[in-house]
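So you can see what is in the structure, the chains are spelled out below.
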Amino acid sequence: MQPYARLWERLLDLLARMGEVDASTPGRIRLRTGRRRVEIVMTEDDWSDLARVIYGSFDGAAEHLRRALAAAEAEDAPYLVYYTYDLEPSQTPESPTRLQEEADLRRVQEHLRDHPDARGEWRAYPPGHEPG
């Protein structure tokens, strides 16, 4: 089998070996293992990107998924959300990282609106935290 053939079907097969799977809603996979339920918020294209771009194989992406599922269980998170090539445990179907990035952007936009003469600069590290 080619390394990227049928990635989505292989994912659903893997999850079905872990528990009950419901993938009837596009972009959502509900997985039930015993009493534990987690909803994976990820499209077929997201999974393809994770497997092909980041891990270069189904097996590498599957191992990442297993670790992410364990992290979601440890955090008692009902969702595992795909965002920028990662799977994040979450209490909502939204990516915590994306929500934080959007809040940060709004804060900067408000600051610039309130201080139109403000200057900014890009730094790789916050002031005082440069590597030594």
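Conventions we followed
- Numbers given to residues run from 1 along each chain, matching the order in which its sequence is written.
- It should be noted that, the model being predicted, local features are given only for residues of pLDDT at least 70 and side-chain atom pairs only at 80 or more, the latter also being counted only at that level, while totals for whole chains, interfaces and linings use all residues.
- Side-chain measures here rest on the full set of heavy atoms in the structure, leaving out hydrogens and waters.
- For helices the rule is a DSSP run of H or I covering at least 4 residues; for strands it is a run of E covering at least 2, with both sets numbered from the N terminus onward.
- Relative accessibility decides the category of a residue: with a 1.4 Å probe and only protein chains considered, values under 20% of the type maximum give buried, values over 50% give exposed, and everything between is partly exposed.
- When charges are tallied, Lys and Arg are placed among the positive residues and Asp and Glu among the negative ones, while His and the ends of the chain are skipped.
- By definition here, a salt bridge exists when the distance from a side-chain nitrogen of Lys or Arg to a carboxyl oxygen of Asp or Glu is within 4 Å.
- N or O atoms closer than or at 3.5 Å make up a polar contact, with two conditions inside protein: a donor-capable atom paired with an acceptor-capable one, and, for residues adjacent in sequence, both atoms drawn from side chains.
- Residues count as neighbours in contact if any of their non-hydrogen atoms are within 4.5 Å of one another.
- We call a set of buried Ala, Val, Leu, Ile, Met, Phe, Trp, Tyr and Cys residues a nonpolar core when their side-chain atoms join them within 4.5 Å.
- Each patch is built from residues that are more than 30% exposed by relative accessible area and take part in no salt bridge. Like charges join if they lie within 9 Å; nonpolar side chains (Val, Leu, Ile, Met, Phe, Trp, Tyr) join within 5 Å.
- Accessibility throughout is a Shrake-Rupley quantity obtained with a 1.4 Å probe, and a residue counts as covered only by protein chains that appear here.
- Where a charge lies is defined by one atom per residue type, namely NZ (Lys), CZ (Arg), CG (Asp) and CD (Glu).
- Geometry is summarised by axes, namely lines fitted to C-alpha atoms with helices restricted to the contacting stretch, and by angles between N-to-C directions that run from 0 to 180 degrees.
- We call two directions roughly parallel when the angle between them is under 35 degrees, roughly antiparallel when it is over 145, roughly perpendicular when it lies between 65 and 115, and oblique otherwise.
- Crossings are assigned a handedness: left-handed for a near helix turned anticlockwise from the far helix by less than a right angle, right-handed for a clockwise turn.
- As a working rule, the residues Ala, Val, Leu, Ile, Met, Phe, Trp, Tyr, Cys and Pro are called nonpolar, Asp, Glu, Lys and Arg charged, and the rest polar, with Gly in that last group.

> Mind showing me how you'd approach the side chain of Arg36 here?
With respect to the helices, strands and loops of the structure, Arg36 is situated in strand S3 (residues 36–41). Notably, Arg36 is buried but unbridged: the nearest opposite-charge side chain belongs to Asp76, and the N-O separation is 4.0 Å. In this structure the side chain of Arg36 is engaged in a polar contact, spanning 2.7 Å, whose partner is the backbone oxygen of Ala77. When neighbours within four sequence positions are excluded, Arg36 is seen to be in contact with Leu31, Ala72, Glu73, Asp76 and Ala77.

> Quick question: what am I supposed to make of the nonpolar core here?
Ranked by internal contacts, the top residues of the largest apolar core, which has 24 residues, are Leu11, Trp47, Leu65 and Leu80. Among the elements of the structure, helix H1 (7–18), strand S2 (28–33), S3, helix H2 (44–55), helix H3 (58–74) and strand S4 (79–83) are those that each provide at least two residues to this core. For this core, the element with the highest residue contribution is H3, accounting for seven residues. Ignoring anything within four residues of it in the chain, the contact list for Trp47 reads Leu7, Trp8, Leu11, Met42, Phe58, Ala61, Ala62 and Leu65.

> Just to check I follow, could you spell out a negative patch on the surface for this structure?
Together, Glu9, Asp13, Glu44, Asp45 and Asp49 make up a region of like negative charge exposed at the surface. Taken together, the elements giving at least two residues each to the negative patch come down to H1 and H2. No other element matches the three residues that H2 contributes to the negative patch. Along the polypeptide, Glu44 turns up in helix H2. Overall, Glu44 belongs to the partly exposed group, its relative accessible area being 46%.

> Help me out: how do you make sense of the packing of H1 against H3 in this one?
Two measures define how a pair of helices packs: the angle their axes make with one another and the distance between the axes. The contact between H1 and H3 brings their axes to 11 Å, and the two run at 40°. Regarding the angle of H1 to H3, the classification is oblique. Note on packing geometry: the crossing formed by H1 with H3 is right-handed. Contact residues: Leu7, Arg10, Leu11, Leu14, Leu15 and Met18 in H1; Phe58, Asp59, Ala62, Leu65, Arg66 and Leu69 in H3. Grouping the constituent residues of the contact of H1 with H3 by class yields nine nonpolar, no polar and three charged.

> Explanation requested: the environment of Ala74 in the structure shown.
Structurally, the position occupied by Ala74 is in helix H3. On a C-alpha basis, the gap between Ala74 and Asp13 in space is 24 Å, while along the polypeptide they are 61 residues apart.

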